[in-house]
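# A look at the structure
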Amino acid sequence: KTNILDTVDSALANDDDLLFYWFDATEHPKAPGTVYLFGKLFIDNKYVTTCLIVNDVWRVLSIAPTKRLAAQLAEDAAHDDDHEAKKRIADVRMQIYKEVQEMRKEYDIKVMKARWKRCSYAFELDHVPREETDWLEVKYPYTHRALRQSPISSRSTYCHIFGTTTKALENFLIQHRIRGPNWLRIKRAERVKEIHHSVTHCVVELAVGDSPKSIVALSEATEKLPPPPPMCMMAVVLRTVYNEKSKHNEVVALSAVVHRGVSTEQPTPHPEKHYSTFTLVRKLDEHMLPPDFKPLVARANQSASRRHRPLQFCANERALLSLFLQKLSTFDPDVLCGHNFIGYTLDVLLHRCAALRLNTWSKLGRLRRRQLPRLQAGARGAPEN
């Protein structure tokens, strides 16, 4: 890991472009205007798990004029060589712009950019003009709340504001014309070096501003690109037992199969040669283990290969889940899967991590988090048993 980080730092110091293959993205409610792209960095002929943090993504709003003003703008635009027509267009634009400035002051928006663009509308809102005319495009940071969609006065100069509910991730992908999964060229990035500033569990964290020059979507039609990176996948299954005292299902065993080289474009050749497996098991509370259990486990592990350890014994449920989270860091899977993984396995794991106060629970995902997501009430896990 240290050699990889040194190579990344050297490339950044030399102002080299970086190739980044993204396949997942998210936002964080406590970081408005910040987008997290997850994928693999291709450097030194290796694929490295990476998070690209895009800061300062702005809202993009499109403000449509009323039908009356739109008709006036369209009529005057047809006579753009007429000095009086140009003056009337400027007057209408100023009316709309002044109303937007009043809203900016009302919403206490400190920074705002605006420009005029030609737009037309062809959807279900009857009050929006259909003809191609001038719309006002407004951009400002997500740290400020969105403007109201519809005017509150019949004397308003606009009829509708589009984009008020659009998330930062959607705006970012549209503005940069990014499709995915795909390769991106990254420029002028900085690596997050301090561990206390780290916000993900990825090997490399890069931070970059939301600029068209910093992030460029690439295409195989125009340049030669590396093949998509292989994925590390982990399939997880667990077994639970119902605790009559606590009225909860508790984890007593967990097994996983890991493959580090799953192809995303074609069948993976000879997958059986690259599997790694592990099984974690603990004793039931207030029950004794069979007398010969631990010697049998020790002999089985000695005869097994390093990639296939049949059983690892844990003292209790907390130790079992802690070891599993540690193995997640070691294997660093890109994908966690399993039968009914979202509805059962993940739900049980989160409930038990919360009950046992395991603060490393966020290793189940990529983002470092302290607050658990809202969990459903109940014992959880019963349908699978």
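Notes on the structure in this doc start here. For clarity, every value in this text was computed on a predicted model and none was experimentally measured. (Residues numbered from 1 in each chain as written. Predicted model: local features only at pLDDT ≥ 70, side-chain atom pairs only at ≥ 80, totals over all residues. Heavy atoms only, no water.)

## Some thoughts on the packing of helix α6 (residues 317–331) against helix α7 (residues 341–355)
The test is simple: Axis definition: a line fit to C-alpha positions, over the contact stretch in the case of helices; interaxial angles, taken between N-to-C directions, run 0 to 180 degrees. The way it works is that DSSP assigns letters per residue, a run of H or I at least four long becomes a helix, a run of E at least two long becomes a strand, and they are numbered from the N terminus. Note that the term roughly parallel is reserved for angles under 35 degrees, roughly antiparallel for angles over 145, roughly perpendicular for angles of 65 to 115, and oblique for everything else. In a left-handed crossing the near helix is turned counterclockwise from the far helix by less than a right angle, and in a right-handed crossing that turn is clockwise. Every residue pair with non-hydrogen atoms within 4.5 Å of one another is taken to be in contact. Here the term charged refers only to Asp, Glu, Lys and Arg, the term nonpolar to Ala, Val, Leu, Ile, Met, Phe, Trp, Tyr, Cys and Pro, and the term polar to all other amino acids, Gly among them.
Taken N-terminus to C-terminus, the directions of α6 and α7 make an angle of 120°; their axes are 11 Å apart at the nearest point. As the angle between them shows, α6 and α7 are arranged oblique. Classified by chirality, the crossing of α7 by α6 is left-handed. Contacts between α6 and α7 involve E317, L321, F324 and L325 on the former and, on the latter, L349, R352 and C353. Here the residues of the contact of α6 with α7 sort into 5 nonpolar, no polar and 2 charged.

## Structural notes on the layout of surface pockets
Our working rule: A cavity here means a set of points on a 1 Å grid, drawn over the protein atoms and nothing else, where a 1.4 Å probe fits but cannot get out; a pocket is an open set with protein on both sides within 12 Å along at least five of seven lines, and a residue lines either one if it has an atom within 4 Å of a point. Grid points are joined across faces, edges and corners, and a volume is the space filled by probe spheres set on the points.
In this structure, the second largest pocket encloses a volume near 440 Å³. H28, K30, R368, R369 and R370 are, among the 15 residues lining the second largest pocket, the residues nearest its centre. A class-by-class count of the residues in the lining of the second largest pocket yields 7 nonpolar, 3 polar and 5 charged.

## What to know about the sheet that holds strand β6 (residues 133–141)
In plain terms, the rule: For two strands to be treated as a pair, DSSP must find at least two bridges joining them.
A sheet is described by the order of its strands in space; here 4 strands give the open sequence β5-β6-β4-β7, paired in antiparallel fashion. The sheet terminates laterally at β5 (113–119) and β7 (158–162), the two strands that pair on one side only. Between one strand axis and the next, the sheet turns through 30° on average, direction left out of account. When β5 meets β6, the two strands line up antiparallel, connected through 7 bridges. Counted as the bridge partner of A114 is V138 from β6.

## Section: the pattern of salt bridges
Pairs can form between side chains of opposite charge whenever their charged atoms are close. Here is the rule: The term salt bridge refers to a pairing of a side-chain nitrogen on Lys or Arg with a carboxyl oxygen on Asp or Glu at a separation within 4 Å. Three labels apply to residues, based on accessible area from a 1.4 Å probe with only protein chains included: buried if under 20% of the type maximum, exposed if over 50%, partly exposed otherwise in between.
Scanning all chains against the criterion turns up 17 salt bridges. Residue E244 is joined to K247 by a salt bridge in which the shortest nitrogen-to-oxygen separation is 3.9 Å. K247 gets classed as partly exposed once you look at its relative accessible area, which sits at 45%. Its salt-bridge partner being R352, residue E250 comes within 3.9 Å of it at the nearest N-O pair. Of this pair, E250 sits in strand β13 (residues 248–262) while R352 sits in helix α7, and the two are 102 residues apart along the sequence. For E250, a relative accessible area of 10% puts it in the buried group. The class for R352 is buried, based on a relative accessible area of 7%.

## Some thoughts on empty space enclosed by the protein
The tally for this structure, following the rule as stated, stands at 1 cavity of 30 Å³ or more. What the largest cavity holds in volume is close to 30 Å³. Every residue lining the largest cavity is listed: F23, F38, G39, T49, T50, C202, D334 and R366. Mapped by element, the contributors of at least two residues to the lining of the largest cavity are β2 (35–43) and β3 (46–55). For the lining of the largest cavity, the class distribution of residues is 3 nonpolar, 3 polar and 2 charged.

## Some thoughts on the packing of aromatic side chains
Test applied: To pair, rings of Phe, Tyr and Trp, with the six-membered ring standing in for Trp, must have centres within 6.5 Å; the planes then decide the type, stacked if under 30 degrees apart, edge-to-face if over 60, and tilted in the middle. Charge-over-ring placement is defined geometrically: NZ (Lys) or CZ (Arg) within 6 Å of the ring centre, and within 35 degrees of the ring normal.
Within this structure, the stated rule accounts for 9 aromatic pairs. With a centroid separation of 5.9 Å and an interplanar angle of 15°, the aromatic rings of F278 and F331 are classed as stacked. Placement of the pair is F278 in strand β14 (residues 275–282) and F331 in helix α6, with a sequence separation of 53 residues. Take F278: its relative accessible area is 3%, and that puts it in the buried class. You can call F331 buried: its relative accessible area is 14%. Where F293 meets F313, the ring centres are 6.0 Å apart and the plane angle is 70°; that geometry is what we call edge-to-face. Placement of F293 in helix α5 (residues 293–303) and of F313 in strand β15 (residues 308–314) is noted, with a sequence separation of 20 residues between them. According to the relative accessible area criterion, F313 is partly exposed, its value standing at 30%. Ring pairs connect the aromatic residues Y21, F42, Y47 and W183, which therefore count as one cluster. Over the ring of W58 we find K113; its NZ or CZ atom is 5.2 Å from the centre of that ring.

## A few points about the nonpolar core
Counted only if it meets this: What is meant by a nonpolar core is a set of buried Ala, Val, Leu, Ile, Met, Phe, Trp, Tyr and Cys residues, joined one to another through side-chain atoms within 4.5 Å.
Ranked by internal contacts, the top residues of the largest apolar core, which has 30 residues, are L37, L52, F172, L206 and I215. Only α1 (2–13), β1 (18–27), β2, β3, α4 (168–176), β8 (182–186) and β10 (204–209) provide two or more residues apiece to this core. Ranked by residue count, the leading element in this core is α1, at 5 residues. Not counting chain neighbours up to four residues away, the residues in contact with L206 comprise V8, L12, L18, L41, T50, C51, L52, I53, A189, E190 and R191. One finds L280, L320, L325 and C353 within the second-largest nonpolar core, a separate group that totals 26 residues.

## A closer look at the sheet that holds strand β11 (residues 215–217)
A sheet is described by the order of its strands in space; here 7 strands give the open sequence β9-β10-β3-β2-β1-β8-β11, paired in mixed fashion. Only two strands of the sheet have a single partner each, and these edge strands are β9 (190–191) and β11. Sheet strands in contact with α4 are β1, β2, β3 and β11, and its direction is about 145° off that of β1.

## A look at unusual backbone geometry
With an omega of -5°, the peptide bond running from G180 to P181 counts as cis. With respect to the secondary-structure elements, P181 resides in the loop between α4 and β8. The backbone of D15 sits at a positive phi, close to 60°, despite the residue not being glycine. Within the secondary structure, D15 is located in the loop between α1 and β1. Even without being a glycine, D56 presents a positive backbone phi close to 60°. As for its placement among the helices and strands, D56 is situated in the loop between β3 and β4 (58–65).

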